[in-house]
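As a plain string of letters, each chain reads:
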Amino acid sequence: MIASFVPQLMALVIGSVGLVQLVGPRPLRRLLAEWGYGRGFNWVTGGFAMAAAVFLAIPQLRIWGVVLSAFLLLGTTLLLLDQRRYLFALPGILLLGTLPLALVAP
């Protein structure tokens, strides 16, 4: 029963992250610039996150949403671990662990 809500919940979480990245608040843009990413990088990651959220919400495209979400979450988690932001990497690790549940949901 709970597994049926996992894809929608993950779509909501990843879509919210994508929306924040698309809006691009000043602290986020400044942090990305400090880490060496160019202007507009938040648009790229936000667009991919929004696409992953849409794919997760559509049952026929869910596998692509899981693949794209895994790519984004793994990249983000590795970046945060490399920057020694261990506590900030924890939500990404937890979301990576719930991705298989999205595949088995009806």
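The present account deals with the structure reproduced in this document. As the structure is a computational prediction, the values presented were derived from the model and not from experiment.

1. Some thoughts on the layout of surface pockets
For step 1, the next point in the chain: For the largest pocket, the calculated volume is near 940 Å³.
For step 2, the next point in the chain: Contributing to the lining of the largest pocket are 30 residues, with Val17, Gln21, Leu72, Thr76 and Leu80 lying nearest its centre.
For step 3, the next point in the chain: Every element with two or more residues in the lining of the largest pocket is listed here: helix H1 (6-23), helix H2 (26-34), helix H3 (41-57), helix H4 (62-82) and helix H5 (86-104).
For step 4, the next point in the chain: Of all the elements, H4 adds the most residues to the lining of the largest pocket, at 9 residues.
For step 5, the next point in the chain: Of the residues assigned to the lining of the largest pocket, the class counts are 22 nonpolar, 7 polar and 1 charged.

2. Let's talk about the packing of H4 against H5
For step 1, the next point in the chain: As a packed pair, H4 and H5 sit with axes 9 Å apart at the nearest point and diverge in direction by 160 degrees. If you check the angle between H4 and H5, you find them roughly antiparallel. Regarding H4 and H5, the two cross each other, and that crossing is left-handed. Taken together, the residues of H5 that come into contact with H4 (itself represented by Arg62, Ile63, Val66, Ser69, Ala70, Leu73, Leu74, Thr77, Leu80 and Leu81) are Tyr86, Phe88, Ala89, Gly92, Ile93, Leu95, Leu96, Leu99, Ala102 and Leu103.

Rules used throughout
Residues numbered from 1 in each chain as written. Predicted model: local features only at pLDDT ≥ 70, side-chain atom pairs only at ≥ 80, totals over all residues. Heavy atoms only, no water. 1 Å grid on protein atoms, 1.4 Å probe; cavity = no way out; pocket = protein on both sides within 12 Å on 5 of 7 lines; lining within 4 Å. Points joined across faces, edges and corners; volume = space filled by probe spheres on them. Helix = DSSP H or I, 4+ residues; strand = E, 2+ residues; numbered from the N terminus. Nonpolar A, V, L, I, M, F, W, Y, C, P; charged D, E, K, R; others polar. Axes fitted to C-alpha atoms, helices over the stretch in contact; angles between N-to-C directions. Parallel < 35°, antiparallel > 145°, perpendicular 65-115°, else oblique. Left-handed = near helix turned anticlockwise from the far one by under 90°. Contact = heavy atoms within 4.5 Å.

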